[in-house]
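Tertiary structure, described
Each chain, letter by letter, is given below.
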Amino acid sequence: GSSGSSGMAANLSRNGPALQEAYVRVVTEKSPTDWALFTYEGNSNDIRVAGTGEGGLEEMVEELNSGKVMYAFCRVKDPNSGLPKFVLINWTGEGVNDVRKGACASHVSTMASFLKGAHVTINARAEEDVEPECIMEKVASGPSSG
């Protein structure tokens, strides 16, 4: 069911194949790619791939831009079980204006349903929100209940 007024919605279809490929590469356990970063094309609502890499959380968080809204998806190893877990970061840079923040806030659920399988979701604004150690603590403790 399409509601017709999709002017405000995040558009995943324009770059659909590229987005899907980046996601699949992260969730494929044997793939060396363990993170993918998504952002917008200019001031549009079209989501594009901002980058992928093989250096884990440390490498990924360095790509986060304080002037942009970005969505980061990363495969990490659970410190307890050694099994792969997935982290989704909804990044809203401190330099993003309020109008843009408001518009993009409604896209979070769209991105979450596209980047499915995340065990831990982090809403981040600043570098201290995405410290790899802090993220791994959340991964180890599992989804917070309540």
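To be clear, the structure that these remarks concern was listed above.
The structure reproduced in this document is the subject of the present report. (Residues numbered from 1 in each chain as written. Predicted model: local features only at pLDDT ≥ 70, side-chain atom pairs only at ≥ 80, totals over all residues. Heavy atoms only, no water.)

1. Focus on the overall build of the chain
The condition is simple: Only DSSP runs of H or I covering at least 4 residues are called helices, and only runs of E covering at least 2 are called strands; the numbering of each starts at the N terminus. In this treatment the radius of gyration is a C-alpha quantity, and the globule benchmark scales as 2.2 Å times the residue count to the 0.38 power. Relative accessibility thresholds used throughout: buried, under 20% of the residue-type maximum; exposed, over 50%; partly exposed, between the two (1.4 Å probe, protein chains only). By definition in these notes, contact holds between two residues if any of their heavy atoms fall within 4.5 Å. Surface accessibility follows the Shrake-Rupley procedure with a 1.4 Å probe radius. Residue values consider only the protein chains on display as shielding. Charge assignment in this entry is limited to Lys and Arg as positive and Asp and Glu as negative, and neither His nor the chain termini are counted. Throughout, a charge is located at the NZ atom of Lys, the CZ atom of Arg, the CG atom of Asp or the CD atom of Glu.
Tallying secondary structure elements over the chain gives 5 helices and 5 strands in all. From first element to last, N terminus to C terminus, the chain shows the α and β order α-β-β-α-β-β-α-α-β-α. Against the 2.2 N^0.38 benchmark of 15 Å for 146 residues, the chain shows a C-alpha radius of gyration of 15 Å, consistent with a compact globule. Principal-axis analysis of the C-alpha atoms gives the chain an extent of 45 × 30 × 30 Å. Each of the 146 residues in the chain was classed as buried or not, and the buried ones make up 40%. Counting contacts in the chain only where the partners sit at least 6 residues apart, residues at least 24 apart contribute 64% of the total. Summed over its atoms, the accessible surface of the chain is roughly 7,900 Å², and 48% of this surface lies on carbon and sulfur atoms. In the chain, 13 positive and 19 negative side-chain charges are present, and the distance between their average locations comes to 8 Å.

2. What to know about the nonpolar core
To be explicit about the condition: Take the buried residues of types Ala, Val, Leu, Ile, Met, Phe, Trp, Tyr and Cys, join any two whose side-chain atoms come within 4.5 Å, and each joined set is a nonpolar core.
One finds F38, I47, Y71, F73, M111, F114 and L115 to be the most contacted residues of the largest nonpolar core, which totals 20 residues. Residue assignment for this core shows that the elements contributing at least two residues are α1 (16-27), β1 (35-40), β3 (69-77), β4 (84-92) and α4 (108-114). Broken down by element, this core gets its largest block of residues, 4 residues, from α1. With near-sequence residues (within four places) excluded, F114 lies in contact with L12, L19, Q20, Y23 and F38.

3. Overview of the packing of aromatic side chains
Note the following rule: Centre distance within 6.5 Å is the pairing criterion for rings of Phe, Tyr and Trp, where only the six-membered ring of Trp is used; planes under 30 degrees apart are then read as stacked, over 60 as edge-to-face, and the remainder as tilted.
If you walk through the whole model with that rule in mind, you get 5 aromatic pairs. When the centroid spacing of 5.4 Å and the interplanar angle of 45° are considered together, the rings of Y23 and F73 count as tilted. In this pair, Y23 is assigned in helix α1 and F73 in strand β3, connecting sequence segments 50 residues apart. For Y23, a relative accessible area of 9% translates into the label buried. Here the aromatic rings of Y23 and F114 are separated by 5.8 Å at their centres, their planes lie at 40°, and the arrangement is tilted. Of this pair, Y23 sits in helix α1 while F114 sits in helix α4, and the two are 91 residues apart along the sequence. Take F114: its relative accessible area is 13%, and that puts it in the buried class.

4. Description of the pattern of salt bridges
Our working rule: For salt bridges, the criterion is a side-chain nitrogen of Lys or Arg within 4 Å of an Asp or Glu carboxyl oxygen.
Applying the stated criterion across every chain, the model contains 5 salt bridges. D78 serves as the salt-bridge partner of K85, at 2.6 Å between the closest nitrogen and oxygen. Each member of the pair, K85 together with D78, is buried. A single network of salt bridges, built from pairs that share partners, joins R14, E41 and D46.

5. What about the state of the cysteines?
Just so we agree on the cut-off: Throughout, disulfides are identified as pairs of cysteine sulfur atoms within 2.5 Å of each other.
The full count for this structure, using the stated rule, is 0 disulfides. No disulfide involves C74; its nearest neighbouring cysteine sulfur is the one of C134, lying 15 Å away. Judged by relative accessible area, C134 falls into the partly exposed class, the value being 36%.

6. Quick word on helix α3 (residues 98-105)
For an α-helix, 3.6 residues make a turn, and residues three or four places apart therefore share a direction. Threshold: The arc under discussion is defined with respect to the helix axis, by the directions toward the C-beta atoms. We define a polar contact as two N or O atoms separated by no more than 3.5 Å, with the added condition that, inside protein, one atom must be a possible hydrogen donor and the other a possible acceptor, whereas residues neighbouring each other in sequence contribute only through side-chain atom pairs.
Of the residues making up α3, those classed as buried are R100, A103 and C104. Projected onto a plane normal to the axis of α3, the buried residues spread over an arc of 95° and lie on a single side. α3 presents D98 and A105 as exposed residues on the side facing more than 90 degrees away from its buried surface. Against β1, β3 and α4 lie the buried residues of α3. A distance of 3.2 Å separates the backbone nitrogen of V99 from a side-chain oxygen at the start of α3, and that oxygen is part of N97.

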